[in-house]
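What follows is each chain in one-letter form.
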Amino acid sequence: MNLVPMADILQDAHERTYAVGGFNINNMEFLQGIIRGAEELNSPLILQASEGAIRYIGMDYVIKMVEAAAKDTAIPIALHLDHGSSFESIMNCIRAGFSSVMIDASKKPFEENIALTKKVVETAHSVGVSVEAELGTLSGTEDDHTVEEKDAMYTDPDQALEFVEKTGIDALAVAIGTAHGVYKGKPELDFPRLKKIKELIEMPVVLHGASGISAEDLERAVDYGVNKVNVNTDFQQAFTSKVKELFAEKPELYDPRKYCGPGRDAITAKVKEKIKILGSNDKAW
Ligand SMILES: [Zn+2]
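Bear in mind the structure is a predicted one, so any value in this text is a computation, not a measurement.

Observations concerning the coordination of the zinc ion
Taken together, His83 (NE2), His180 (NE2) and His208 (ND1) make up the protein donors of the zinc ion, found 2.0 to 2.1 Å from the metal. Each donor residue of the zinc ion belongs to the same chain, and together they define the spacing H-x96-H-x27-H. In this pair, His180 sits in strand β9 (residues 179–180) while His208 sits in the loop between β10 (205–207) and α9 (215–223), placing the two residues 28 residues apart along the sequence. As far as the burial class goes, His180 and His208 line up, both buried.

Things to note about the sheet that holds strand β1 (residues 20–24)
Strand pairing within a sheet occurs via backbone hydrogen bonds; the two strands may be parallel or antiparallel. One closed barrel accounts for eight strands, arranged β1-β2-β3-β4-β5-β8-β10-β11; its pairing is parallel. Averaged over all pairs of adjacent strands, the angle between their axes in this sheet comes to 25 degrees, without regard to strand direction. The pairing of β1 with strand β2 (residues 45–50) spans three bridges and is parallel. When the bridges of β2 are listed, Gly22 appears paired with Ile46.

Observations concerning the sheet that holds strand β6 (residues 139–142)
Across the sheet, which stays open at both edges, the three strands sit in the order β7-β6-β9 with mixed pairing between neighbours. If you trace the sheet from one side to the other, it starts and ends with β7 (145–147) and β9, each paired once. Bridge count for β6 against β9 is two bridges, and the pairing is parallel. Bridging from a neighbouring strand, Gly140 pairs with His180 of β9.

Structural notes on unusual backbone geometry
Phi is positive for Asn42, close to 55 degrees, though the residue is something other than glycine. You can see Asn42 is positioned in the loop between α2 (28–40) and β2. The class for Asn42 is partly exposed, based on a relative accessible area of 32%. Look at Asp282: it is not a glycine, yet its phi comes out positive at around 60 degrees.

Examining the pattern of salt bridges
Oppositely charged side chains are able to pair whenever their charged atoms sit close together. The final tally for this structure, using the stated rule, is 16 salt bridges. Where salt bridges share partners, they join Asp255, Arg257 and Lys258 into one cluster.

Rules behind the numbers
Residues numbered from 1 in each chain as written. Predicted model: local features only at pLDDT ≥ 70, side-chain atom pairs only at ≥ 80, totals over all residues. Heavy atoms only, no water. Donors = N, O, S within 2.8 Å, 3.2 Å for Na, K, Ca; no water. Helix = DSSP H or I, 4+ residues; strand = E, 2+ residues; numbered from the N terminus. Buried < 20%, exposed > 50% of the residue type's maximum accessible area, 1.4 Å probe, protein only. Pairing = 2+ DSSP bridges. Axes fitted to C-alpha atoms, helices over the stretch in contact; angles between N-to-C directions. Salt bridge = Lys/Arg side-chain N within 4 Å of Asp/Glu carboxyl O.

Okay, here's the thing in structure tokens:
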């Protein structure tokens, strides 16, 4: 499989000030819909699967499907584990063929987050796999895990610098006011904090929970140094709205191809919309 390490994709984005989508796959239609959108706009792509998605799809299916999808495309693609929760889970993905992993030890105390992240970096880098880690905590729901708004914690810029220096990661996910899942109110992003972090760490920054963030705010986040933007909920909603719309029109539908196909097209349209906002169109090499 011609997967590239995520670090290669993000280094170019960092140098030329644009962002690449970290787009989550939930099933075959998501994978096909996302790849088609990226291909049509000649954009590099970070396909990502959460541990929940891997459990749902099955590891062998994830790898074989991505292999099939990546085989005939010329765009650079990384396969990334989203929110890896343990060293074991990460090793499992590296062994299976992922070219990038995220270790999310952000709920642990600072020193423990550093220690576990460093261990992952040393192992992953020895086999050419990139590593994303997170500092700070986002509210909302990711897979089956929920963080209440009162427990969310923004990333401290000085801690961020210490964190990247001590761990050697390739990309840092920050908490600046976005949330996982569906937003309850209008999200307010802390742009001065983002700017400060970027100026200090001078490396790729990742924004999670970007579904529901306005195009204007996303563009501004990219201007301020975000190089990877995670999107899942927006695609899930695009797919499901399309399917619901079709069933409202034709309740007698029974052939899944007749509603999953249009759902897949809805994902492609949403992917293209996001790529244009992030500025990764025509950046494939
Ligand atoms: Zn996330």
